[in-house]
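Okay, here's what each chain looks like letter by letter:
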Amino acid sequence: MRIGIVGLGYVGLPLAVAFAEAGVEVVGFDVDSRRVAAVSAGDSYIEDVSSERLRGAVGAIDATTQPDALAGVDAVLICVPTPLTANREPELGPLLAAGRTVAGVLREGELVVLESTTYPGTTRERLVPLLEESGLAAGRDFHVAFSPERVDPGRTDYTMRNTPKVVGGLTAACTERAAALYEVICDEIVRVSSPEAAELSKLLENIFRSVNIALVNELAMLTDRMGIDIWEVIDAAATKPYGFMRFDPGPGMGGHCMPVDPFYLSWRAREFDFATEFIELAGKINQQMPYHCVAKIERALNDVAKPVRGSRVAILGVSYKAGVGDTRESPALKIVALLTGLGADVVYHDPHVAELPGSGLRSQPLAAALEGADAAVIVTAHPSVDHDAVVGRVPVVVDLRGVTRSRGRGATDGAGGDRAGGDRAGGAVAGGAETGAGGARPGGVTLL
Ligand SMILES: NC(=O)c1ccc[n+]([C@@H]2O[C@H](COP(=O)([O-])OP(=O)(O)OC[C@H]3O[C@@H](n4cnc5c(N)ncnc54)[C@H](O)[C@@H]3O)[C@@H](O)[C@H]2O)c1
């Protein structure tokens, strides 16, 4: 079997490697010649695929910028970006361009699968007409399906192999054809009746996360005012063995998916005179979080009699999630911009991000970033950074991820609570005062 993959990014490259490892010949087509050159050289730019693993598979991957190389493959998987325009509407440009590329080489009997996240109706209404410009009829002369990618960058317990794959074809035969393809790399295939059901299932997964994160973020803003520790509340609620699923608050949402995908559905819903209020509300609350976090940083500095202007603030972690180097839509970008706008001298440490786009900043070694800092802000808690060791080394620590909470836990007031004492070593207690959950803890730590 020979397959084509269009778009060798976070989704396409791991897919290419998985198929190559399963003995399938892969043509990897991308418009970015640097990416193509890197794949050919066995140099991975995606953290989930080590260069060593890529080099093991690259013999079976023909990475190319030449669309003609896709001619004659048995199946093509389209994995191109689906961003939003400046007006927050679906930007289908890359997807339509990819569709035209595939149409140019499509032949009878081929399978085309769209993997890019998008609104229900895209496959049937936007992709199929382009493919049919080849003169072939979808569902009759060639097969078409939608199958959403579920990759969670940085995750190792659930992989492509053991994460069920949803497949929805234009016809039952299309579904079966796509299912047979994915069975090569995936243990469980979940068949749905249409591309639309598959498209919406992916959006539901992301909207579910977005709404639940917004819920705890809203509660975090409320508990800040009420003087209640949100982390303790969540820890307690999470002991319920059924009917509750834990979500943690944070500085806001980032990445290619969560801040973008839900709005594909709201846009589509408007065509049906329908307002998706949960989506809009969740987006609004999550977008507020960087502002709330900066207000907390201002207050924490105020507690040690420092204005933001002129203070040196070390940001720890600027990618959108722990363990990865992706800064797309990362709330750290907003936090850095807001602090810089207030006159802070911002530095950052992130072992995964050498340079922060648009800020002119480069990652400093941890010790250098903390040297002389008035405050350290844990925005993204990479597992390789010892955050406990940061506590006590700077006058103020603002922990937006709750990762320093275990320090001293249990020493005084049981699970989750170390507000009334704890054992923070070397704690130059910032501001000193116990100011409720929103205020500084021993060691100068302020939690979200
Ligand atoms: N990153 C994730 O964690 C994730 C998870 C699930 C789903 N998705 C979805 O998968 C899709 C792809 O996301 P990604 O993160 O892999 O994006 P990405 O930006 O990492 O990769 C996309 C690649 O497509 C290439 N490309 C763009 N236009 C092209 C064209 N016309 N022809 C050929 N190549 C083209 C780009 O050069 C890039 O290398 C998106 O719809 C996204 O929402 C992403």
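An account of the accompanying structure is given in this report.

1. Comments concerning the overall build of the chain
Next, step 1: Helix and strand counts for the chain stand at 12 helices and 16 strands.
Next, step 2: In terms of overall size, the chain behaves like a compact globule, its C-alpha atoms giving a radius of gyration of 24 Å where 448 residues would be expected to give roughly 22 Å.
Next, step 3: Dimensions of the chain along its principal axes, counting C-alpha atoms only, are 75 × 50 × 40 Å.
Next, step 4: Looking at the 448 residues of the chain, the share that counts as buried comes to 52%.
Next, step 5: Intrachain contacts of the chain at a sequence separation of at least 6 include 67% that bridge at least 24 residues.
Next, step 6: Element-wise, carbon and sulfur atoms account for 53% of the exposed surface of the chain, whose accessible area totals about 18,700 Å².
Next, step 7: Across the chain, the 42 positively charged side chains and the 57 negatively charged ones have centroids separated by 3 Å.

2. A look at the packing of aromatic side chains
Next, step 1: Under the counting rule described, the total for this entry stands at four aromatic pairs.
Next, step 2: Ring plane angle 50° and centroid distance 6.4 Å describe the contact between F19 and Y182, whose orientation is recorded as tilted. Of the two residues, F19 sits in helix α1 (residues 12-21) while Y182 sits in helix α6 (residues 172-182), which places them 163 residues apart along the sequence. Each member of the pair, F19 as well as Y182, carries the same accessibility label: buried.
Next, step 3: Among the aromatic residues, ring-to-ring pairing joins Y119, Y264 and W267 into one connected group.
Next, step 4: The ring centre of Y182 lies 4.6 Å from the NZ or CZ of K165, which sits over that ring.

3. What to know about the site of the ligand
Next, step 1: Taken together, 27 residues form the shell around the ligand, and within it V11, D30, R35, T82 and T117 come nearest.
Next, step 2: Between an oxygen atom of the ligand and a main-chain N or O atom of Y10, the distance comes to 3.0 Å.
Next, step 3: Taking T117, its main chain carries an N or O atom lying 3.0 Å from an oxygen atom of the ligand.
Next, step 4: Within the complex, the protein chains bury 92% of what would otherwise be the 830 Å² of accessible surface of the ligand.
Next, step 5: Looking at the shell around the ligand element by element, the count peaks at three residues for helix α4 (residues 93-105).

4. Focus: the pattern of salt bridges
Next, step 1: For the structure shown, the criterion picks out 25 salt bridges.
Next, step 2: Between R155 and D152 there is a salt bridge, with its nearest N and O atoms 3.1 Å apart.
Next, step 3: For R312, the salt bridge identified is with D345, shortest N-O distance 3.9 Å. You can see R312 sitting in strand β9 (residues 312-316) and its partner D345 sitting in strand β10 (residues 345-349), a full 33 residues away along the chain.
Next, step 4: On the basis of relative accessibility, which here comes to 38%, the residue D345 falls in the partly exposed class.

5. So, the nonpolar core
Next, step 1: Judged by nonpolar contacts, the single largest core of 51 residues is most densely connected at I315, I335, L339, V377 and L400.
Next, step 2: The biggest single contributor to this core is helix α10 (residues 277-303), with six residues.
Next, step 3: In this structure, L400 is in contact with W231, P249, G250, P251, C293, I335, V377, I378, V379 and L448, ignoring residues within four places of it in sequence.
Next, step 4: Within the second largest apolar cluster, 39 residues are counted, among which are A69, A103, L136 and F142.

6. Digging into the sheet that holds strand β6 (residues 143-146)
Next, step 1: The strand order across the open sheet formed by eight strands is β3-β2-β1-β4-β5-β6-β7-β8, and the pairing between neighbours is mixed. The strands lining the two open edges of the sheet, one partner per strand, are β3 (61-64) and β8 (189-192). In this sheet, adjacent strand axes meet at a mean angle of 25° when their direction is disregarded.
Next, step 2: Bridging between strand β5 (residues 111-114) and β6 involves four bridges; their strand directions are parallel. The residue of β6 that forms the bridge with L111 is H143.

7. Observations regarding helix α8 (residues 230-237)
Next, step 1: Among the residues making up α8, those that are buried are I230, W231, I234 and D235. The arc enclosing the buried residues of α8, seen along the axis, measures out at 135°, which places them on a common side.
Next, step 2: The inward-facing, buried residues of α8 contact α7 (195-226) and β16 (445-447).
Next, step 3: Of the residues that open α8, the one with a side-chain oxygen 2.8 Å from the backbone nitrogen of W231 is D229.

8. Notes on the pairing of strand β7 (residues 165-169)
Next, step 1: Of all five residues that make up β7, five are buried, and the element is covered over most of its length.
Next, step 2: Side chains K165, V167 and G169 project from β7 onto one buried face, and the interleaved V166 and G168 project onto a second face that is buried too.
Next, step 3: Here β6 runs beside β7; their pairing, made up of two bridges, is antiparallel. Within β7, the residue paired with A145 across the bridge is G169.
Next, step 4: The pairing of β7 with β8 spans four bridges and is classified as parallel.

9. Examining unusual backbone geometry
Next, step 1: Even without glycine at this site, R88 takes up a positive phi of about 60°.
Next, step 2: Note on placement: R88 falls in the loop between β4 (75-78) and α4.
Next, step 3: According to the relative accessible area criterion, R88 is partly exposed, its value standing at 36%.
Next, step 4: At A305, a residue that is not glycine, the phi angle is positive and equals roughly 60°.
Next, step 5: Among the secondary structure elements, A305 is positioned in the loop between α10 and β9.

10. Description of α10
Next, step 1: The terminal C-alpha atoms of α10 lie 38 Å apart, and with 27 residues this matches the ideal 39 Å at 1.5 Å per residue to within 8%.
Next, step 2: Helix geometry: α10 is bent most strongly at M289, by close to 30°, with proline P290 lying one to four residues after it.
Next, step 3: Backbone geometry just after α10 places A305 at a positive phi near 60°.

Parameters at a glance
Per chain, the residues get numbers from 1 upward, laid out in the order the sequence is written. Given that this is a predicted model, residues contribute local features only at a pLDDT of at least 70 and side-chain atom pairs are listed and counted only at 80 or more, while totals for whole chains, interfaces and linings are drawn from all residues. Water and hydrogen atoms were dropped before computing side-chain values, which therefore reflect all heavy atoms in the structure. Put simply, DSSP marks the helices as runs of H or I at least four residues long and the strands as runs of E at least two long, and each gets a number from the N terminus on. We compute the radius of gyration over the C-alpha atoms and compare it with the globule rule, which gives 2.2 Å times the number of residues raised to the power 0.38. When accessible area is computed with a 1.4 Å probe and restricted to protein chains, residues below 20% of their type maximum are described as buried, those above 50% as exposed, and intermediate ones as partly exposed. Should any heavy atoms of two residues lie within 4.5 Å, those residues are counted as being in contact. Each accessible area value is a Shrake-Rupley result obtained with a 1.4 Å probe; residue values ignore everything except the protein chains displayed when judging cover. When charges are counted, Lys and Arg contribute as positive and Asp and Glu as negative, whereas His and the chain ends are disregarded. Where a charge lies is defined by one atom per residue type, namely NZ (Lys), CZ (Arg), CG (Asp) and CD (Glu). Note on aromatic pairs: the rings of Phe, Tyr and Trp (six-membered ring only in Trp) are paired at centre separations within 6.5 Å, and the planes decide the class, stacked below 30 degrees, edge-to-face beyond 60, tilted for the rest. For a Lys NZ or an Arg CZ to count as sitting over a ring, it must be within 6 Å of the ring centre and within 35 degrees of the ring normal. By convention in this text, a residue qualifies as near a molecule or strand provided that one of its non-hydrogen atoms is within 4 Å of it. Here a polar contact means two N or O atoms within 3.5 Å. Within protein one must be a hydrogen donor candidate and the other an acceptor candidate, and residues neighboring in sequence count only if both atoms are side-chain atoms. In what follows, salt bridge is the name for a side-chain nitrogen of Lys or Arg lying within 4 Å of a carboxyl oxygen of Asp or Glu. To qualify as a nonpolar core, a set must consist of buried Ala, Val, Leu, Ile, Met, Phe, Trp, Tyr and Cys residues joined through side-chain atoms within 4.5 Å. A pair of strands is considered paired only if DSSP assigns at least 2 bridges between the two. Working convention: axes come from line fits to C-alpha atoms, limited for helices to the stretch in contact. Angles between N-to-C directions cover 0 to 180 degrees. Picture the helix axis, draw a direction to every C-beta atom, and the arc is the one those directions span. Expected helix span is taken as 1.5 Å per residue step, with the number of steps being one fewer than the number of residues. The reported bend at a residue is simply the angle between two axes, fitted to the 7 residues ending at it and to the 7 residues beginning with it.

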